[in-house]
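# Coordinate inspection notes
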Amino acid sequence: MATHGAKSFTGKNIGMVKLLKDKLTTENPGSDILSFHCILHQESLCKSALDIKHVIELVISVVNIIKSKALNHRQLKSLLEDLEAEYEDVLYHNNVGWLSLAKVLKRVWALREEIIVFLDMKEISCEFKTKMGVKSGGKQKMPGNIATKVKSYLKSLEEEMERRFQDFSNTEPEFNILAYPFTADPGAAPDELQLELMDLQSDPAMKEAFNSAKLVDFYKSLSADNFPHLRKFAMKMFSLFGSTYICEQSFSCMKINKNKYRGLLTDTNLEAVLRISTSNLNPDFKWIVKNCDRVHLSH
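Figured I'd write up the structure that's included with this text. Being a predicted model, the structure only gives us computed values, none of them experimental.

### Let's talk about the overall build of the protein chain
Counting its regular elements, the protein chain contains 17 helices and two strands. Of all 299 residues assigned to the protein chain, the portion counted as buried reaches 27%. For the protein chain, the exposed surface amounts to about 21500 Å²; the carbon and sulfur share of it is 55%.

And the structure:
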């Protein structure tokens, strides 16, 4: 179960995760729920360890100067094409998806000289030219302590990542079984997986399939009759990588479809709409029509 870390979900006594665990333990003794803070949300919070606001504001300001006016944007793209630059455009930064920031910074850094040429050509004065240490002559002047700052930023980010993702260290043995089922020790695995792991490791065809397929596809290909517990274990572990964005996507879809103009929409139909909207499966319409009991040809 992925949460966003709010006390209403993670509270020790009356949090939603605690209540679900109590209910599951009552109905199915020995069962448990794996609960984690949303991975994408944790990654977003990790950036608070980096004090690079001055860099972000500088880069975003020059990107906005270029892309806020259609003429400037077209002229920059034309200049980059004429100069045969590494990239053909700059990128916008999205505050919601902070991981896009790395791509924005990398793109601007790669095009820094071309951007300076464009700003000089348009006679646009901004802080970007002086702060980047690039003069109109094309000579670059780098700060002497930049390597020390970069190492400090990386160390801070590493420490923050380790602190926020320490929950995953508790499930490291399970992840090792999931990722390396043919080298895992069956004796150290949960009781219900031991026999299935031994059967799996003794099958050469399975090992060849494991080496040639993606991890998810390999577990999908396992027989439900021969490896029921191993398949269930894989589904449980893969579900950890879901995030709250799936829930947010579902709520947005429900809000669009269940509005005041569709008062007759039943719960069954709404569930079908949500399933279609949030699924990556492509329906086989030809098979569905072929197997319909009755086809309305009037339409």
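Having seen the structure, we can now continue with the description.
### Quick look at the packing of helix 11 (residues 191-201) against helix 14 (residues 228-238)
Helix-helix packing is characterised by the crossing angle of the two axes and by the distance between the axes. At a closest axis distance of 8 Å, the pairing of helix 11 and helix 14 adopts a crossing angle of 105°. Regarding the angle of helix 11 to helix 14, the classification is roughly perpendicular. Across from Glu192, Leu193, Glu196, Leu197 and Leu200 in helix 11, the residues of helix 14 making contact are Pro228, His229, Leu230 and Phe233. Of the residues in the contact of helix 11 with helix 14, the class split is six nonpolar, one polar and two charged.

### Here we look at helix 5 (residues 70-82)
The end-to-end C-alpha distance of helix 5, which contains 13 residues, comes to 18 Å, matching closely the 18 Å that a straight helix rising 1.5 Å per residue would cover. Tucked into the core, helix 5 has its buried residues touching helix 4 (53-67) and helix 7 (112-121). Immediately beyond the C-terminal end of helix 5, within one or two residues, lies Glu84, with a positive phi of roughly 55°.

### Section: a nonpolar patch on the surface
On the surface, Phe285, Trp287 and Ile288 cluster together into a nonpolar patch covering about 370 Å² of accessible area. Secondary-structure assignment places Phe285 in helix 17 (residues 285-290). Owing to a relative accessible area of 59%, Phe285 belongs among the exposed residues under this scheme.

### A look at unusual backbone geometry
One non-glycine residue, Glu84, adopts positive backbone phi at about 55°. According to the relative accessible area criterion, Glu84 is exposed, its value standing at 70%. Backbone geometry at Glu123 places phi at a positive 55°, although glycine is not the residue there. Relative to the elements of secondary structure, Glu123 occurs in the loop between helix 7 and helix 8 (127-131). On the accessibility criterion, Glu123 (72% relative accessible area) is exposed.

### Notes on the packing of aromatic side chains
For the structure shown, the criterion picks out five aromatic pairs. Both rings, one in Phe210 and one in Phe218, keep their centres 5.2 Å apart while their planes meet at 80°; by these two values the pair is edge-to-face. Overall, Phe210 belongs to the buried group, its relative accessible area being 18%. Aromatic side chains Phe218 and Tyr219 sit 5.4 Å apart centroid to centroid with 75° between the ring planes, which places their arrangement in the edge-to-face category. A residue is classified by how much of its surface remains accessible, and Phe218, at 1% relative accessible area, is buried.

### A word on the nonpolar core
Nonpolar side chains in soluble globular proteins generally cluster together in the buried interior. Grouped together as the largest cluster of nonpolar side chains are 23 residues, with contacts concentrated most on Leu200, Met206, Phe218, Tyr219, Leu222, Leu230 and Phe233. Going through the elements one at a time, helix 10 (172-179), helix 11, helix 12 (204-212), helix 13 (215-221) and helix 14 are the ones with two or more residues in this core. For this core, the leading source of residues is helix 14, giving four residues. With sequence-adjacent residues up to four places away left out, Phe218 is seen in contact with Phe182, Leu200, Met206, Ala209, Phe210 and Ala213. Grouped together as the second largest cluster of nonpolar side chains are 21 residues, Leu76, Leu79, Val104 and Phe128 included.

### Details of the pattern of salt bridges
For the structure on display, the rule yields three salt bridges. The partner of Lys23 in a salt bridge is Glu27, and the shortest N-O contact between them spans 3.0 Å. Separated by four residues within a single helix, Lys23 and Glu27 lie in helix 2 (residues 16-27), roughly one turn from each other. Both residues of the pair, Lys23 and Glu27, belong to the exposed class. Measuring nitrogen to oxygen at the nearest pair gives 3.9 Å for the salt bridge that ties Lys67 to Asp89. Here Asp89 lies in the loop between helix 5 and helix 6 (100-110) and Lys67 lies in helix 4, a separation of 22 residues in the sequence. The class for Asp89 is buried, based on a relative accessible area of 13%.

Conventions we followed
- Residues numbered from 1 in each chain as written.
- Predicted model: local features only at pLDDT ≥ 70, side-chain atom pairs only at ≥ 80, totals over all residues.
- Heavy atoms only, no water.
- Helix = DSSP H or I, 4+ residues; strand = E, 2+ residues; numbered from the N terminus.
- Buried < 20%, exposed > 50% of the residue type's maximum accessible area, 1.4 Å probe, protein only.
- Areas by Shrake-Rupley, 256 points an atom, 1.4 Å probe, with all protein chains shown as cover.
- Axes fitted to C-alpha atoms, helices over the stretch in contact; angles between N-to-C directions.
- Parallel < 35°, antiparallel > 145°, perpendicular 65-115°, else oblique.
- Contact = heavy atoms within 4.5 Å.
- Nonpolar A, V, L, I, M, F, W, Y, C, P; charged D, E, K, R; others polar.
- Expected span 1.5 Å × (residues − 1).
- Patch = residues over 30% accessible without salt bridge, like charges linked within 9 Å, V, L, I, M, F, W, Y side chains within 5 Å.
- Salt bridge = Lys/Arg side-chain N within 4 Å of Asp/Glu carboxyl O.
- Phe/Tyr/Trp six-rings, centres within 6.5 Å; stacked < 30°, edge-to-face > 60°.
- Core = buried A, V, L, I, M, F, W, Y, C linked by side-chain atoms within 4.5 Å.

Shape descriptors only; they carry no functional weight alone.
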